[in-house]
Amino acid sequence: MKIVNHILGFPRIGFKRELKFAQEDYWKKKISKSELKKIGFNIRKKNWMIQKKMGLQFLSVGDFSWYDHVLTTSMMLGNIPERFLNNKKIDLDTLFHIARGVSVDRKPTFPSEMTKWFNTNYHYIVPEFSENSSFHFIWKQILDEIDEAKIYNRDIKPIILGPMSYLFLGKSNNEKFDRFDLLPKILPIYKKILQSISKKKISWIQIDEPILALDLSDQLKKKFLYSYQFLKSNLKILLTTYFGSIEHNFDIIDSIPIDGLHIDLIYGNYNLEKIHQKLSSKIVLSLGVINGRNIWKSDLVKYFNLINNFKKYRKKIWIGTSCSLLHVPLDLDQEENLNPIVKNYLSFAVQKCYELFLLSDSLNTNDKSLLESWILPLRSRIYFNKIKNKDIRNKLSNISNKDYQRKSHYDIRYEKQQKKFHLPILPTTTIGSFPQTEELRLLRAKFKKKILHKKLYEEKIFKIIKENIKIQESLDLDVLVHGEPERNDMVEYFAENLDGFVFTDYGWVQSYGSRCVKPPIISHDISYIKSITVSWIKYAQSLTKKPVKGMLTGPVTILLWSFPREDISRKLIAKQIALALREEIFELEKNDINIIQVDEPALREGLPLRNFEKEKYLNWAVNAFKLSVSSVKDTTQIHTHMCYCEFNDIMDAIVNLDADVITIENARSKMEILRFFKNFQYPNSIGPGFYDIHSPNIPTQENFIQLIKKSIKLISSKRLWINPDCGLKTRSWKEVKESLKNLVNATKKVRLLQKY
Ligand code: GLN
Ligand code: ZN
């Protein structure tokens with residue numbers, strides 16, 4: 001029996017981020033809808049050509065989306081929240097309207113929420129459900145794209161998100177309403193979709209049910225059975241799971257009528273023989289052996305041996321990527337400036353397709369000679385001998401418990417800090433970055449390309465900082481920031497100034513909508529070489545009497561938003577980063593910077609999917625943060641910032657961070673977070689995010705007053721900070737100035753109402 005290769009999805013952003021630029025141009029009305037569609041079409045075309053050229057058996061269809069694949073699913077199912085309907089037919093503008101809150105020609109309204117896709121840095125648009133939700137198959141993107149792909153003369157495997165995961169990932173407007181009660185309404189639509197697909201002479205469909213890697217209640221498991229029994233048709237279903245093992249949910253897998261099951265062998269610990277015994281021999285077992293979430297070459301010989309041995313037991317085997325390649329950059333061949341030794345160890349989306357071909361071909365011909373040469377660099381020692389830094393390893397072994405604890409209890413620090421800073425009640429601040437104008441981007445790009453001399457570049461950055469301080473003073477904010485004009489990206493900037501990383505030029509990965517990130521690659525032990533932020537912050541502080549917050553990215557976020565090496569634990573990498581940041585914090589303190597924010601927006605996304613693994617992760621993650629900040633004086637105020645809405649389940653860890661002030665994203669879920677504080681007294685100070693920076697909407701003074709009043713009922717006004725819910729770099733100056741003006745003035749009005 002031939003071993004088939006396939007991928008679970010290909011990146012959709014285009015080799016040079018064409019989709020991003022096209023979307024943004026379309027929103028600014030610089031290009032027409034048909035021009036935008038054409039660019040989308042070209043991206044799909046190129047993706048399919050590459051998949052064919054690299055030797056994949058199936059072309060993946062349905063992995064392209066105009067903003068996010070969960071949103072595409074909502075469109076496909078006709079699940080459009082009322083407020084976006086306006087009696088008009090649904091089209092691409094409806095899709096953008098839901099994601100952004102504004103559309104090209106429609107009035108602003110609040111967008112659907114956005115949240116992180118499992119434990120990745122990809123964000124999806126949260127489907128909205130209510131008792132009245134109705135579903136219709138009107139958005140037929142999937143069928144159109146199947147037709148498009150047909151000309152490539154290859155098998156086509158459409159990909160859709162399954163009904164159980166779709167419902168799970170959404171949210172109902174009413175807590176008492178169980179959104180799974182919608183299954184009887186939603187399943188007939190799914191069935192209709194499958195039937196329409198089957199009419200296109202397709203034999204396999206990939207249905208993603210990643211929630212199978214989570215802990216599921218018995219009730220949900222039953223619903224799984226019910227759903228898939230309902231969906232039975234003549235299309236063959238490959239049920240795909242990823243990001244972790246699904247062994248704990250195997251009791252239902254065998255009863256679900258499917259034709260194939262995909263399991264993630266990279267992030268799931270499986271015993272293949274055991275799996276084989278549990279699964280009917282009639283179904284295909286697809287093994288996810290090529291890591292869809294990291295960029296290192298795969299040890300193909302190891303997998304050859306594993307699968308070659310397994311072939312004895314099982315006939316129907318496929319091999320695939322562990323998950324969609326959405327999470328890795330496109331093509332290593334585009335990188336001209338990477339150290340060639342390191343480059344030899346890497347594999348991006350295109351190369352991963354090729355790895356699949358190599359592996360399946362070697363297995364089918366029973367000849368692994370090509371694999372041996374592919375992995376030669378991995379086996380050689382030239383590189384790995386250099387990655388250990390003895391000095392760092394020594395320092396790490398000398399760390400003791402006291403390095404993780406602030407000197408005094410928060411209450412004592414609070415008093416000392418009050419005396420030092422004399423901040424008004426309900427202090428106002430921002431999260432760090434200010435708008436990154438085209439001019440500023442260009443400036444940094446020129447400096448990077450060495451067209452602009454360092455001195456001149458720094459002068460210009462100083463000028464921007466000066467302007468930022470001036471604007472904040474005139475807005476009358478209380479704790480100022482320098483605005484982060486020197487940073488392209490909050491992780492890349494630190495990685496560039498530490499030792500132990502390498503960088504790509506085009507290694508972009510989609511984060512949300514048109515936003516992409518370019519994660520650095522951790523290749524060696526990480527160490528501190530020189531001060532990173534001090535000169536900028538010191539300069540900003542010299543311009544004002546108000547305190548300026550130093551601004552750093554935390555160890556967990558630097559780790560999680562980089563591609564980590566795989567030869568040492570993530571815990572150890574986080575510790576190395578923490579130690580380096582601690583030195584930077586010392587430097588800031590020495591230079592009289594007394595408020596320091598250490599951002600950890602990624603803390604929650606690192607959370608393992610299974611409950612029993614969570615505590616262990618949170619322990620080391622919290623410790624890494626504490627190692628970086630705890631050695632400061634009592635009078636130094638440590639802030640941290642996190643962006644996500646669902647933090648209830650990690651509240652204990654957040655409390656353990658013991659930051660003096662935490663600011664959290666909140667505004668988009670209409671201050672839902674506040675409900676939490678009805679039953680929970682957060683011990684330190686908190687700024688629950690009053691302005692949703694992800695939307696171009698500008699809240700009025702009255703909006704802010706309402707929200708602040710609401711918050712004061714739940715959080716002591718002595719401990720409450722007033723701030724936007726994230727950095728402002730993606731907004732325009734016009735939006736920022738107006739919003740902050742309203743925020744500060746609203747705060748002043750509420751202060752007057754407060755009794756001292
Ligand atoms: N300090 C960062 C900024 O303001 C924080 C960004 C983030 O939380 N993602 O841009
Ligand atoms: Zn944020």
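Everything here concerns the structure above.
Residues numbered from 1 in each chain as written. Chains lettered and ligands numbered in written order. Predicted model: local features only at pLDDT ≥ 70, side-chain atom pairs only at ≥ 80, totals over all residues. Heavy atoms only, no water.

**A short note on the overall build of the protein**
Put simply, the rule is: Secondary structure elements follow DSSP: runs of H or I no shorter than four residues count as helices, runs of E no shorter than two count as strands, and numbering proceeds from the N terminus. C-alpha atoms define the radius of gyration, and 2.2 Å times the number of residues to the power 0.38 defines the globule rule. Summary of the burial criterion: residues with accessible area below 20% of their type's maximum are buried, those above 50% are exposed, and those between are partly exposed, where the area comes from a 1.4 Å probe applied to protein chains only. Whether two residues are in contact is decided by their heavy atoms, any of which lying within 4.5 Å being enough. Here, Shrake-Rupley sampling with a 1.4 Å probe gives the accessible areas, and only protein chains in the shown set may cover a residue. Charge assignment: positive for Lys and Arg, negative for Asp and Glu; neither His nor the chain ends contribute. We put the charge of a Lys on NZ, of an Arg on CZ, of an Asp on CG and of a Glu on CD.
In terms of helices and strands, the protein carries 28 helices and 21 strands. Against the 2.2 N^0.38 benchmark of 27 Å for 756 residues, the protein shows a C-alpha radius of gyration of 26 Å, consistent with a compact globule. When the backbone C-alpha atoms are referred to their principal axes, the protein occupies close to 75 × 65 × 50 Å. Counting all 756 residues of the protein, 64% fall into the buried class. Considering only contacts within the protein whose residues lie at least 6 apart along the sequence, 78% involve residues at least 24 apart. For the protein, the exposed surface amounts to about 30600 Å²; the carbon and sulfur share of it is 51%. Here the protein contributes 119 positive and 85 negative side-chain charges, whose respective centroids are spaced 1 Å apart.

**What to know about the coordination of the zinc ion (ligand 2)**
Six octahedral donors at a metal ideally form angles of 90 or 180 degrees, and four tetrahedral donors ideally form angles of 109.5 degrees. For the record, the criterion: Distances up to 2.8 Å from the metal define which N, O and S atoms are donors, and 3.2 Å serves for Na, K and Ca; water is absent from the atom set, so sites may look incomplete. Irregular is the label for any site that misses the other tests, which are tetrahedral for four donors with all angles between 85 and 135 degrees, and square planar for four donors or octahedral for six when opposite donors exceed 155 degrees and the remaining angles lie between 65 and 115.
Coordination of the zinc ion (ligand 2) by the protein comes from His641 (NE2), Cys643 (SG) and Cys726 (SG), over a distance range of 2.0 to 2.3 Å. Around the zinc ion (ligand 2), the 4 donor atoms are arranged such that angles at the metal cover 88 to 126°; this shape is classified as tetrahedral. Here the donor residues of the zinc ion (ligand 2) are spaced in sequence according to H-x1-C-x82-C. Like Cys643, His641 is buried.

**Focus on the sheet that holds strand E10 (residues 260-264)**
Strand pairing in a sheet is mediated by backbone hydrogen bonds. Such pairs are either parallel or antiparallel. Heads up, the rule is: For two strands to pair, DSSP has to find at least two bridges joining them. The convention used is that axes are lines fitted to C-alpha atoms, helices contributing only their stretch in contact, and that angles between N-to-C directions extend from 0 to 180 degrees.
Across the sheet, which stays open at both edges, the 8 strands sit in the order E1-E12-E11-E10-E9-E8-E6-E2 with parallel pairing between neighbours. A strand with exactly one partner marks an edge of an open sheet, and here the two such strands are strand E1 (4-6) and strand E2 (58-61). Strand after strand, the sheet turns through a mean of 25° between neighbouring axes, direction not considered. Relative to strand E9 (residues 236-240), strand E8 (residues 204-208) runs parallel, the two being bridged by 5 bridges. If you follow Trp204 over to E9, its bridge partner there is Lys236.

**Looking at the packing of helix H27 (residues 701-712) against helix H28 (residues 733-753)**
Basically, it comes down to this: With respect to orientation, any angle under 35 degrees is reported as roughly parallel, any angle over 145 as roughly antiparallel, any angle of 65 to 115 as roughly perpendicular, and every other angle as oblique. Handedness of a helix crossing follows the sense of rotation of the near helix relative to the far helix, less than a right angle counterclockwise being left-handed and clockwise being right-handed. The nonpolar class holds Ala, Val, Leu, Ile, Met, Phe, Trp, Tyr, Cys and Pro. Asp, Glu, Lys and Arg form the charged class, and all remaining residues, Gly among them, are polar.
It is the contact of H27 with H28, at a shortest axis distance of 8 Å, that shows an interaxial angle of 50°. Taken together, the axes of H27 and H28 lie oblique to each other. Read as a crossing pair, H27 and H28 show a hand that is right-handed. Each of Gln701, Phe704, Ile705, Ile708, Lys709 and Ile712 in H27 lies in contact with H28, whose residues at this interface are Ser739, Asn742, Leu743, Asn745, Ala746, Thr747, Lys749, Val750 and Leu753. In the contact of H27 with H28, the residues fall into 8 nonpolar, 5 polar and 2 charged.

**What to know about the pattern of salt bridges**
Spelled out, the test is: Put simply, a salt bridge is a Lys or Arg side-chain nitrogen that is within 4 Å of an Asp or Glu carboxyl oxygen.
Within this structure, the stated rule accounts for 39 salt bridges. In this structure, Lys518 engages Glu492 in a salt bridge whose closest nitrogen and oxygen atoms are separated by 2.8 Å. Of the two residues, Lys518 sits in the loop between strand E15 (515-517) and strand E16 (521-528) while Glu492 sits in helix H20 (residues 492-497), which places them 26 residues apart along the sequence. Residue Glu492 is classed as buried on the basis of its relative accessible area, which comes to 3%. Here Asp649 and Arg604 are joined by a salt bridge, their closest N and O atoms 2.6 Å apart.

**Some thoughts on the site of ligand 1**
Test applied: Any residue with at least one heavy atom within 4 Å of a molecule or strand is counted as near it. Whenever a nitrogen or oxygen atom comes within 3.5 Å of another N or O atom, the pair is scored as a polar contact, on the condition that within protein one atom can donate a hydrogen and the other can accept it, and that pairs from neighbouring residues in sequence are kept only if both atoms are in side chains.
Taken together, Ile431, Gly432, Ser433, Glu484, Met490, Met551, Asp599, Pro601, His641, Cys643, Cys726 and Gly727 make up the full set of residues near ligand 1. In this structure, Ile431 approaches ligand 1 through a main-chain N or O atom, which is 3.1 Å from a nitrogen atom. Take Glu484: an N or O atom from its side chain is 2.8 Å from a nitrogen atom of ligand 1. When the free accessible area of ligand 1 is taken as 300 Å², the share hidden by the protein chains comes to 92%. Residue composition of the shell around ligand 1, grouped by class: 6 nonpolar, 4 polar and 2 charged.

**Let's talk about helix H7 (residues 183-198)**
Rules: Here, expected helix span is obtained from the residue count minus one, scaled by 1.5 Å.
Look at H7: 22 Å from first C-alpha to last across 16 residues, which is about the 22 Å you get at 1.5 Å a residue. The complete set of buried residues in H7 reads Leu183, Ile186, Leu187, Ile189, Tyr190, Ile193, Leu194, Ser196, Ile197 and Ser198.

**A word on helix H21 (residues 534-542)**
To be explicit about the condition: Arc, as used here, means the arc of the directions from the helix axis to the C-beta atoms.
All of the buried residues along H21 are Val534, Trp536, Ile537, Ala540 and Gln541. End-on view of H21: buried residues confined to an arc of 165°, all on one side of the axis. The secondary structure elements touched by the buried residues of H21 are helix H19 (454-475), H20, strand E17 (549-553) and helix H23 (570-590).

**Remarks on the environment of Ser360**
By the secondary structure assignment, Ser360 is in helix H13 (residues 349-365). Sequence-wise, Ser360 and Asn132 are 228 residues apart; in three dimensions their C-alpha atoms are separated by 48 Å. For Ser360, the residues in contact, after removing those within four places along its chain, are Ile3, Asn5 and Ile319.

**A few points about the pairing of E2**
Residue alternation in E2 divides its side chains into two sets, Phe58 and Ser60 and Leu59 and Val61, and both sets are buried. Across 4 bridges, E2 lies against strand E6 (residues 155-161) in parallel orientation. Across the sheet, Ser60 pairs through a bridge with Lys157, a residue of E6.

**Observations regarding the packing of aromatic side chains**
Basically, it comes down to this: Each Phe, Tyr or Trp ring (for Trp, its six-membered ring) is paired with any other whose centre lies within 6.5 Å, and the angle between the two planes then decides the class: stacked below 30 degrees, edge-to-face above 60, tilted in between. Two conditions define a charge sitting above a ring: the NZ of Lys or the CZ of Arg must be within 6 Å of the ring centre, and it must be within 35 degrees of the ring normal.
On inspection of all chains with the given rule, the structure shows 24 aromatic pairs. Relative to Phe96, the ring of Tyr26 lies with its centre 6.0 Å away and its plane at 45°, an arrangement referred to as tilted. Of the two residues, Tyr26 is situated in helix H1 (residues 18-27) and Phe96 in helix H4 (residues 92-100); the sequence distance between them amounts to 70 residues. This pair shows no difference in class: Tyr26 is buried, exactly as Phe96 is. For the pair Trp27 and Tyr67, a centre-to-centre distance of 6.1 Å together with 40° between the ring planes defines the contact as tilted. With Trp27 in helix H1 and Tyr67 in the loop between E2 and helix H3 (69-76), this residue pair connects regions lying 40 residues apart in the sequence. In this structure Tyr67 comes out as buried when scored by relative accessible area, which is 5%. Taken together through their ring pairs, the aromatic side chains of Trp117, Phe118, Tyr124, Tyr242 and Phe243 make up a single cluster. The residue whose ring lies beneath Arg293 is Tyr267, and the NZ or CZ to ring-centre distance is 5.4 Å. The aromatic ring of Trp508 is capped on one face by Lys518, whose charged end is 5.5 Å from the ring centroid.

**Remarks on the nonpolar core**
For clarity, the cut-off: In this description, a nonpolar core means a group of buried Ala, Val, Leu, Ile, Met, Phe, Trp, Tyr and Cys residues linked to one another through side-chain atoms lying within 4.5 Å.
In this structure, Phe10, Trp117, Leu261, Ile263, Leu287, Ile307 and Leu359 are the most contacted members of the largest nonpolar core, which totals 120 residues. Here the element with the most residues in this core is H7; it accounts for 8 residues. Setting aside anything within four residues of it in sequence, one finds Leu359 in contact with Val289, Leu300, Tyr303, Phe304, Ile307, Ile319 and Leu371. Judged by nonpolar contacts, the second largest core, of 104 residues, contains Ile532, Ile573, Val622 and Ala624.

**Points about the environment of Lys454**
Within the fold, Lys454 resides in helix H19. Separated by 106 residues in the primary sequence, Lys454 and Leu560 place their C-alpha atoms 30 Å from one another.

**Here we look at unusual backbone geometry**
With a phi angle near 60°, Lys201 is a residue other than glycine that sits in the positive phi range. Relative to the elements of secondary structure, Lys201 occurs in the loop between H7 and E8. You will see that Asp658, though not glycine, has its phi angle at about 55°, which is positive. Secondary-structure assignment places Asp658 in the loop between helix H25 (651-657) and strand E20 (661-664).

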